[in-house]
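A structural walkthrough
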Amino acid sequence: MENNVKIKIRKMDISDIPFVYDNEIKIFGRSLGEKTLYNEILYNDLAHYYLAVIDNQRAGYIGSWFTLPNAEILNVFVLEQYQKRGVGNALLCKVIDLCKELDIIYLSLEVRESNLSAINFYKKLGFKREAIRKGYYENKEDALLMVLDIGGKK
Ligand SMILES: CC(C)(COP(=O)(O)OP(=O)(O)OC[C@H]1O[C@@H](n2cnc3c(N)ncnc32)[C@H](O)[C@@H]1OP(=O)(O)O)[C@@H](O)C(=O)NCCC(=O)NCCS
């Protein structure tokens, strides 16, 4: 894939559910589930889900919740063949822009402490390690809580 690709970020809709579900299972071994994703998209005003599209192909996804005055990233992935081309960055920047628009104070997320590429990815965008959540995952692995200070009114 060329480096100069045009990445389009758009809202997720219900036609994207199989893509998100299948790849969450493949990549993480678990998913919110198709029914929950459906309800989130149609009925949860706090949920903001986006797709990254390249040449009309779905390349990645990000899910977030805006539980004002803070927000959190639920999940993010980029398909392997599209990684390291700025797609993850574009997805996260979309959520960060929305945070700024909505005067959010903190944007947070949990990440496996072994997931060094993701930790590096978040650090690059300014996230800081805030705490460790002991035994957070099913296999009892710890999670890092990472936080980005958006700067909204405290
Ligand atoms: C983490 C992930 C979303 C990054 O997506 P991406 O599109 O490859 O990331 P980008 O190309 O936008 O990279 C942005 C920055 O993140 C960092 N980064 C990305 N992938 C990295 C890797 N494998 N190793 C180290 N740093 C990495 C780099 O600093 C990069 O900046 P640079 O290109 O200027 O060096 C992607 O690797 C992924 O989907 N991983 C599997 C799923 C996952 O772990 N999700 C996170 C769950 S918490």
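Reading guide: rules and limits
- Residues numbered from 1 in each chain as written.
- Predicted model: local features only at pLDDT ≥ 70, side-chain atom pairs only at ≥ 80, totals over all residues.
- Heavy atoms only, no water.
- Core = buried A, V, L, I, M, F, W, Y, C linked by side-chain atoms within 4.5 Å.
- Buried < 20%, exposed > 50% of the residue type's maximum accessible area, 1.4 Å probe, protein only.
- Helix = DSSP H or I, 4+ residues; strand = E, 2+ residues; numbered from the N terminus.
- Contact = heavy atoms within 4.5 Å.
- Near = heavy atom within 4 Å.
- Polar contact = N/O pair within 3.5 Å; in protein donor to acceptor, adjacent residues only side chain to side chain.
- Areas by Shrake-Rupley, 256 points an atom, 1.4 Å probe, with all protein chains shown as cover.
- Nonpolar A, V, L, I, M, F, W, Y, C, P; charged D, E, K, R; others polar.
- Pairing = 2+ DSSP bridges.
- Axes fitted to C-alpha atoms, helices over the stretch in contact; angles between N-to-C directions.

A word on the nonpolar core. Where a protein is soluble and globular, its nonpolar side chains tend to be buried together. If you look at the biggest cluster of nonpolar residues, it comprises 42 residues, and the most contacted ones within it are Leu107 and Tyr122. Secondary-structure elements contributing two or more residues to this core are helix 1 (17-28), strand 2 (47-54), strand 3 (57-65), strand 4 (71-78), helix 3 (87-101), strand 5 (106-112), helix 4 (116-124) and strand 7 (143-149). Look past the residues within four positions of Tyr122 in its chain and what remains in contact with it is Val76, Leu92, Leu109, Val111, Phe127 and Met146.

Our focus in this paragraph is the site of the ligand. Contacts to the ligand come from 21 residues, most closely from Val78, Lys84, Gly88, Asn115 and Lys124. Interatomic distance of 2.8 Å between a backbone N/O atom of Asn89 and an oxygen atom of the ligand. Between a nitrogen atom of the ligand and a side-chain N or O atom of Asn120, the distance comes to 2.9 Å. Protein contacts shield 75% of the accessible area of the ligand, which totals 910 Å² for the unbound molecule. Looking at the shell around the ligand, the elements that each hand over two or more residues are helix 1, strand 4, helix 3, strand 5 and helix 4. It is helix 4 that contributes the most residues to the shell around the ligand, six residues altogether. A class-by-class count of the residues in the shell around the ligand yields ten nonpolar, seven polar and four charged.

Looking now at the pairing of strand 2. The buried count for strand 2 comes to eight of eight residues, which makes it a mostly enclosed element. Sheet topology note: the strand 1 (residues 7-11)/strand 2 ladder contains five bridges and is antiparallel. Following the sheet pairing, Lys11 is matched in strand 2 by Tyr50. In the sheet, strand 2 pairs with strand 3 via eight bridges, with the strands oriented antiparallel. Looking at the pairing, Val53 lines up with Arg58 of strand 3.

Among the secondary structure elements, Lys11 is positioned in strand 1. Along the chain, Lys11 and His48 lie 37 residues apart, while their C-alpha atoms are 7.7 Å from each other. Setting aside anything within four residues of it in sequence, one finds Lys11 in contact with Asp16, His48, Tyr49 and Tyr50.

Moving on, we come to the sheet that holds strand 5. Taken together, seven strands build an open sheet; the order of strands is 1-2-3-4-5-7-6 and the sheet is mixed. Two strands close off the open sheet at either side, each with one partner strand: strand 1 and strand 6 (128-133). Pairs of neighbouring strands in the sheet enclose a mean axial angle of 30 degrees, with direction left out of account. Direction of pairing for strand 4 relative to strand 5: parallel, over a ladder of two bridges. Paired with Glu72 across the strands is Ser108, a residue of strand 5.

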